[in-house]
Amino acid sequence: MDYIIIISIGWLVCGAICAFVASAKNRTALGWFFTGCLFGLLAVIIIFALSPLDSDDDLMEENDESISFVCNECRQQILIDKKDLKNIDTIVCSNCGNEIQLNHGNKNNNQKRH
Ligand SMILES: [Zn+2]
């Protein structure tokens with residue numbers, strides 16, 4: 001009976017490996033976890049064989065790297081780079097010039113002075 005436990009653990013491990021590799025390859029981790037649980041080693045071989053979603057990677061990264069804001073005044077969508085977001089406190093709408101204040105969460109002026 002121990003074999004059943006070992007096999008089911010093995011199946012779950014396969015699922016975990018699939019999820020891990022899938023997320024590293026910009027694929028849905030949860031979907032691949034279940035695929036790994038269902039197909040075991042076969043799914044692991046498949047996810048390793050699959051090429052990362054490289055072609056879309058640059059585009060996806062751009063989407064991930066930027067945050068969209070909606071202007072209060074004109075409802076214009078404003079895309080801000082996450083890197084820029086740390087350095088700015090106010091977004092100016094390119095459409096109507098409305099200023100949107102940003103809350104960075106550390107507004108307590110705890111900046112260390114050197
Ligand atoms: Zn606006």
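Cut-offs used in this document
- Residues numbered from 1 in each chain as written.
- Predicted model: local features only at pLDDT ≥ 70, side-chain atom pairs only at ≥ 80, totals over all residues.
- Helix = DSSP H or I, 4+ residues; strand = E, 2+ residues; numbered from the N terminus.
- Buried ≥ 20, exposed ≤ 12 C-beta atoms within 10 Å, placed from the backbone.
- Contact = placed C-beta atoms within 7 Å.

Novice: Help me understand the environment of Gln 76, please; the structure alone is not making it clear to me.
Specialist: Within the element layout of this structure, Gln 76 appears in the loop between strand 1 (66-70) and strand 2 (77-81). Residue class for Gln 76 comes out partly exposed when judged on the 14 C-beta atoms lying within 10 Å of it. Spatially, the C-alpha atoms of Gln 76 and Asn 95 are 6.9 Å apart, while their sequence positions differ by 19 residues.

Novice: Which parts of the structure should I look at to understand the environment of Cys 96?
Specialist: Tracing the chain through its elements places Cys 96 in the loop between strand 3 (90-92) and strand 4 (99-101). Among the residues examined, Cys 96 registers 12 C-beta atoms within 10 Å and is labelled exposed. Along the chain, Cys 96 and Gln 76 lie 20 residues apart, while their C-alpha atoms are 8.6 Å from each other. Beyond its immediate sequence surroundings of up to four residues, Cys 96 is in contact with Cys 71, Glu 73 and Cys 74.

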